[in-house]
Structures are given as C-alpha cells and as structure tokens.
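# A structural walkthrough
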Amino acid sequence: MNDLSDMEQAETEMEIGQTEIEFEEMDFSSSSSNDLNYIPQVRVEKIPKLDQEFESIEEAHTFYNDYAREAGSSSKESFKVSIFHEAHNHVLTTPRKVHLLRSERVMSAAKKSLSQQLSAANVPICQQIGILDLEVGGIENIGCIEKDFYNARRDEMKMYAGHDGQMLYEYFQSEKEKNPEFYFQIKMDTESKITHCFWADIECRKSYDAFGDVVVFDTTYNTNRYGMIFAPFVGVNHHGQTTLFAYAFLSDETTESFSWLLQQLLLSMPIGPPKMIITDQDPAMTKAIAELFPNTRLQKNLKQSGLSYWSKVGCHQTNG
C-alpha cells in the first residue's frame, strides 16, 4: 500500500469516534421566574442519542440546531469536549508528509480557476502542478495534490453535464452581440437536445467571399463524447493555405440533415453557392447538393482528387 493510501486509511480511523462532544443542556424554562422544566415534543430521529458520533463540529452543530428548531428554542453555540483519546492505533505520518493528509488538503477557488484556464490552454495537470510548485516554493506548500486537481475536473464536468447545449447557445449569442456579422443556427429535437448546429464568424465569411468558388466538405470527423459528426466547410486561399468557411455539427448523415446544412451555408454567405464542392460523401449528400445547388459541380473522391486539385486552385488564385 502506498504512503497516501496508508495515510488516508489512518486518517479515516482518526476521524471516527476519537473525540466526544457533549451538547450543552438547553434551557426550556419560561420567561417567568419558576424552576419548571419542559420536555419538548420532538421526533425521535431528531433527539441526540448517547454515544452518537459526528464527522465534524459543523455536522454536530447542524444536528443540534435542527433539534433546537423542532423543540421551539434557540440553540447555544457552544460545545464541550468530554472525552479525548490521544492514543492512536496506527503509525502517525511524518512532518514531511503531513501535506498529503486529506484534512490538510484544500483546493481553493483560485486554484480551481487557474486550473480551468490552464486546462483550456491544453496544459496537462502534471505540468500545472509543476507551475504551482515553482510559484509557492515547494510541492508541500501547494495545499493540494494531483489527485485533487483530477477530482476538481471531474466535479466540474458533473456540474456542467446536461447544460452543454445551453452554454453553447449562450456563447453564440454573446459572440453575435459582439459582432452582428457572426452567424449561427441551432436545431433541437423534441427533448431539447441539439441535433444540428452551424456557425460562421466574420473571418470565415470574409474568406468565403474571397475564396468560396471551391469548397471541400468532409464529415469523417466524429466526436466521441456527444456522438455528433463534425462537418467543416474548408477551402484554400491565395497562398495555397487551408482556410475555414464554416463549422457544423450533425447528429446523422441523412439527406434532410445535409439539406439543412447547405441552406445555412446559403443564408450565411450572400454571394451564393460555390462553383464546385469536393466531397467524399454518400448518396445522401449528393442528393442534397443536386437539389439545393443544381449549378454546382460535384467532385467526389476527396482523397484521390483533393490534393492535386487544391494545388492547381492555389496556383490559379495566386496568379489571379
């Protein structure tokens, strides 16, 4: 068993039953000067019991407050340690390893925020630990360990689970408020789950205006987490470099979905459909293109024709 596991097990043993807390007796006497005691009518499960244990002072305080509330009295915020067991039935950790104990580890809101920003910049957690190590002058001064960073990320994912679609919509709305030329469209099913999503920012639309005669459309990119298909529209600029025209997510590869997607391309690009679409798609895509872009030439087999064609297009646009 490694050091961390040994200490966590030992700490668990320390936390349970080592300190006994005695509740101060509540005064249920009336405001008049008499010596009568009153027995409150409280549910059995709310009454403190002999040898009852709590994992923390906060838990004991909450329990006692609930009891006082049901009894009809205010609680006294004082506790008394009646018994303290100083002896331990396990080997204690050394001072150099105290920072590994769970009770000594706290991942502050500031560290969580920093970790989120670094993760967004593709900095792995092991490197994040190294950055903090240098910042605070030693790994024992960080206040938490690598495991806590992974747990924080797990908790964050749980918190956002089921809200990703709403967050994406709000992000698109904020981008459109910054720049009205930002275009997006989202389609949902009867359960309010996103099935189709299309967006193009101002740079994408400018690129299409300049280089949108020929478009490559490929849906071979899958997103495992959501089971949706990533379908970008790309082209080539006058330097022979790949440029993005628009982005999309689709839940399936039906003619209906492709038709919706091509309609969004038309709505977002005022200059109209491309002169040629190079794709490696199935008959569903071919049918959608024929219906919506009847004058657009369709070039299939992207892998065989795409690279050689793009080199010619890049040279032509550069010379033009």
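Above this text you will find the structure in question.
What you see is a predicted model, and the numbers here were worked out from it, not measured in a lab. (Residues numbered from 1 in each chain as written. Predicted model: local features only at pLDDT ≥ 70, side-chain atom pairs only at ≥ 80, totals over all residues. Heavy atoms only, no water.)

Our next topic: the packing of aromatic side chains. One pair of aromatic rings is described through two measures. These are the centre distance and the angle between the planes. Per the stated rule, a full pass over the model turns up 14 aromatic pairs. Ring geometry for Y171 versus F172: centroids 6.0 Å apart, planes at 50°, classification tilted. Between F172 and F184 the ring centres are 5.2 Å apart and the planes differ by 40°, which places this aromatic pair in the tilted class. One end of the pair, F172, is in helix 6 (residues 164–178); the other, F184, is in strand 3 (residues 183–188), with 12 residues separating them in the sequence. Accessibility expressed as a relative area gives 2% for F172, which makes it buried. One aromatic cluster in this structure is built from Y169, Y171, F172, F182, F184, W199, F230, Y247 and F249. (Phe/Tyr/Trp six-rings, centres within 6.5 Å; stacked < 30°, edge-to-face > 60°. Helix = DSSP H or I, 4+ residues; strand = E, 2+ residues; numbered from the N terminus. Buried < 20%, exposed > 50% of the residue type's maximum accessible area, 1.4 Å probe, protein only.)

This model, assessed by the stated rule, comprises 5 salt bridges. Of the charged contacts in the structure, one is a salt bridge between E45 and R43, with a shortest N-O distance of 3.8 Å. Residue classification places R43 among the partly exposed positions, given a relative accessible area of 45%. With a closest N to O distance of 3.7 Å, E181 and R205 form a salt bridge. Linking E181 in the loop between helix 6 and strand 3 with R205 in helix 7 (residues 202–211), this pair joins segments that are 24 residues apart in sequence. For E181, a relative accessible area of 39% gives the class partly exposed. (Salt bridge = Lys/Arg side-chain N within 4 Å of Asp/Glu carboxyl O.)

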